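# Geometric and topological summary
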Amino acid sequence: MELLLLILIGGGFALWISNRDLKARLDAIERRLEGSEAPASPASAGAPMEPEVPYTVTYQRREPARTAVPAETGVQDRAETPPPERVIEIGDEPEREREEPERERESVGALFERLVGGRLLIWLGGIALVVAAVYLIRYSIEIGLVTPAMRMAGAALFGLVLLGAGEASRWKMADDPRIDQVLVGAGIAVLYAAAYGSHSLYGLIGTGAASAAMLAITAVALGLSLRHGAPTAVMGLIGGFLTPALVGDSSSGPVPLLAYLGLLDLAIFLIAWRRGWTWLAAAAVALSFVWSAFLLFLEPEDALASGMFVILLAIGASLARPGDGRALGLIQPLLIGIVQLAFVAARSDLGFLGWLQFGALAAASLVLAALRKEYRAAPAVALAFGLLVLLGKAGVRTDPFVLHAAVALTMIFGLGGLALALALALRQPGRLWTAVAAGGFAGPLLVARAAWPALLDLPVWGAIAAGLALGPATLIWLARGWASASAPAELGLLTAGAAAALLLGAAIWDLAPGEWVVTGWMAVALLLTLAARRLGDLALATVAAATAAAAAARAVSLVPELSTAAITALIGLPALAVDLPTARDALFALALPAVLLTGVRLAMPELPLGARRALAPVAGLFALAAAYVWFKQGFGLASEEDFVARGFLERTILTQALFAAGWLFASGRLKLPRIEPAMLRLAGTALTALAAARLVWFDLVMHNPAFDAQWVGATPVLNLILPAYLLSAAWLYAARRRYKDAARSGFWLAAFLAALVAGAMLLVRQAFQGPILTGPELPIGEMYGYSAAGIVVALALLLGGVRLPDKALRLAGLILLTATMVKVFLVDASELEGVLRILSFLGLGVVLIGIGRLYGPILRAELGAGEPARGQAHG
């Protein structure tokens, strides 16, 4: 069965090689048939059919011209003749096929006839001869006709007869080369079968003799391929690479096998170069890699020997140019070799030698990539596999050569890539070397440092990282002229900048105290931003923005107490000083990064997706958080008693500071360099909204002094309620006047009215309760005070609405006045008697009449202003 399988595989592949030219020609004919209109058939037009003109087709051999062999050698090389053309003889006038378009537009049936009758039958006949030989031997075995030695001798004789018949056919039937190709191919297959059967089936010959016989057959097949074409070469190729598997001696070690494979590859490459068969060389390389992959998983000595073979094969196949060289570029022998040697380096039993072999081919990949453009991806692939193996071995923490491997990878890809980048600085490929060099400088150290930090002391790691950062810095300087208006984001600068940022960040992590890490990272971001601004490259600016984002994330992680305090404060728990970061932590984690981040924002060129715009809010948030922590720590609320005594004062100062800052930014009075006025107005709006949210949530809902005991001051009117609520109302109304759209104006109006009414009522409460407003008693005078305060505030709103003018204020005043009247009639009147009740209603009546008298002209004026509009509408 093994013999039959070998024969079928070889015959099928040879058949494919023989017919691929015919398939291409048939496809071309079909395309021409589809693209042209077929002439009208005579039969369809009713015309009588003309008799078919008989013709004969004469085939002549087509082979590439070669150097003529001197006459004295006695050998005639038929390939000396120029490539002939097929001639069609019609009557007595031969014509060239390309001049007869009707010949090309033949029917599908004619095409099938030429394919099967003219091509396939001959090759099927050759395969049938080989199968007949196999079955003949099998039948002789079954009936005991001859001895095993005679059977194998007969098979060998039959193979030689087929070879002779093929040679004879070459001379006798020169018009059709397929016959001699079939006979020679069948003879080669039968000879392989005879050698294999003599060794494996009957033991007539030893391993050495069988190997020698199959080697000789392979040599004969490859030699005959120069005379009989590709099918014979295919038989030699398959048989040559199957010989070690069929009759090889497993006890002899891998060296003889690898030497045999090397000689076989050399012979096949010579034939491929001689005939221009690039596919043959590519197939030989692929089969050689199959053998080497098998050997890589054997004993250490066998694996190392196979590794040396892989190095030679990968380099040799990459440098060789048999034929046009495209097929070898397609299978990428260099990449295959890199992958296989990565497995060698990953083996734990090979140690330094495994790393050495991988490093040798990795270094060769740089040179080959510089010489051949089809191998440009090889250095990046080698670096990726090297880092992957390094990560695995460093993670296991048992390989003593991890540090040596990291140094070697840095030298090969970092220094080697830098050298090539310098050499190719003025050409486009230099950008690829910049990326490879950047990965070589940063990758090995970062992988080893992350996976096995105990290899070196932290200061040593940091010093090495700082020193290696000079490499990417050189690459940035080298790539300074590559960015352009059409391509402002340069790949070389992106990779070099990322490598520099990672190395400097690692150095700061290992060398600087923990509290300085965020500041150091933000300084790196500022340095990269200045470089991006100087070079005019968006890729480097993107790296700077990413570095700043990493620093900001680290800063947030350093002050978790701030986030916790903010969450607990929202649910009503006071944020005490002991619950917040220290002032020193706020300096290093918030304030200094905010200053540097502001510098990054000012120097940063415009980035896609608005990344540059996001820097200013982050810097402002950090600065605000730092100021909040410092203020809270300075105020020093350490207990509930402190909160009762100074909590309302602290909250009022913070809220008023936010309102003042919001007004300053939003009013346009503040001018900052390189900051757009729109950004300042947006910041002012955000600060005002934050102050309003604090006022509503903390001072009106969660910690309203009327319900939560807090000291507000002992003096009536002139106490903390005045700035906390009434001054806040003034800020809110000023914000409302700045925004004309209904949505935002309505928000500010609602907040303004809430602060105004609450402040007025709390002033009344303070006048009767004193500095703490949570007393249980509600005197009758306090009830009347609320009514009086409501009337005063309503009058103020009405007058303000008329004076400004602001109709919303007038409506708010009317609503408040209505609510106050309802309270007076339903609540206050029931508590008064005699003269006090009379005076109360008398005063209320006078006030209401006065308000009505004031409101009448306003309404008539508005009605008069609307009449022309209505008249125009009716007209």
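No experiment lies behind these values; they were computed from the predicted model shown. (Residues numbered from 1 in each chain as written. Predicted model: local features only at pLDDT ≥ 70, side-chain atom pairs only at ≥ 80, totals over all residues. Heavy atoms only, no water.)

As a further point, take the overall build of the chain. Within the chain, the secondary structure is distributed over 31 helices and 3 strands. Looking at the chain as a whole, 44% of its 875 residues qualify as buried. Only carbon and sulfur atoms are counted for the fraction: they give 70% of the accessible area of the chain, which is about 42,800 Å². (Helix = DSSP H or I, 4+ residues; strand = E, 2+ residues; numbered from the N terminus. Buried < 20%, exposed > 50% of the residue type's maximum accessible area, 1.4 Å probe, protein only. Areas by Shrake-Rupley, 256 points an atom, 1.4 Å probe, with all protein chains shown as cover.)

With that settled, consider the environment of Ile780. Within the secondary structure, Ile780 sits in helix α29 (residues 780-803). Assessed through its relative accessible area of 43%, Ile780 is described here as partly exposed. The sequence separation of Ile780 and Asp828 amounts to 48 residues, and the corresponding C-alpha distance is 8.8 Å.

Aromatic ring pairs are reported here in terms of the distance separating the ring centres and the angle at which the planes meet. Under the counting rule described, the total for this entry stands at 12 aromatic pairs. Between Trp277 and Trp279, the aromatic rings sit 5.8 Å apart at their centres with planes inclined by 35 degrees, giving tilted as the arrangement. Here Trp277 matches Trp279 in class, with each residue buried. A centroid spacing of 6.3 Å and a plane angle of 80 degrees characterise the contact between Trp291 and Phe294, whose relative ring orientation is edge-to-face. (Phe/Tyr/Trp six-rings, centres within 6.5 Å; stacked < 30°, edge-to-face > 60°.)

Two elements in contact, helix α19 (residues 491-511) and helix α20 (residues 517-535), have axes separated by 9 Å at closest approach and are oriented at 155 degrees. Put simply, α19 runs roughly antiparallel to α20. Crossing angle aside, the handedness with which α19 passes α20 is right-handed. Along the contact surface, α19 presents Leu493, Gly497, Ala501, Leu504, Gly505, Ile508 and Trp509, while α20 presents Val517, Gly520, Trp521, Val524, Leu528 and Leu535. (Axes fitted to C-alpha atoms, helices over the stretch in contact; angles between N-to-C directions. Parallel < 35°, antiparallel > 145°, perpendicular 65-115°, else oblique. Left-handed = near helix turned anticlockwise from the far one by under 90°. Contact = heavy atoms within 4.5 Å.)

Assignment of secondary structure puts Leu695 in helix α26 (residues 677-702). Overall, the relative accessible area of 0% leaves Leu695 in the buried class. Spatially, the C-alpha atoms of Leu695 and Ala754 are 9.8 Å apart, while their sequence positions differ by 59 residues.

Taken together, the side chains of Leu570, Ile571, Leu573, Val696, Trp697 and Val701 define a hydrophobic patch exposed on the protein surface, amounting to about 540 Å² of accessible area. For the nonpolar patch, the leading source of residues is α26, giving 3 residues. Tracing the backbone shows Val701 in helix α26. (Patch = residues over 30% accessible without salt bridge, like charges linked within 9 Å, V, L, I, M, F, W, Y side chains within 5 Å. Salt bridge = Lys/Arg side-chain N within 4 Å of Asp/Glu carboxyl O.)

Everything listed here is a matter of coordinates, which is why it stays silent on function.
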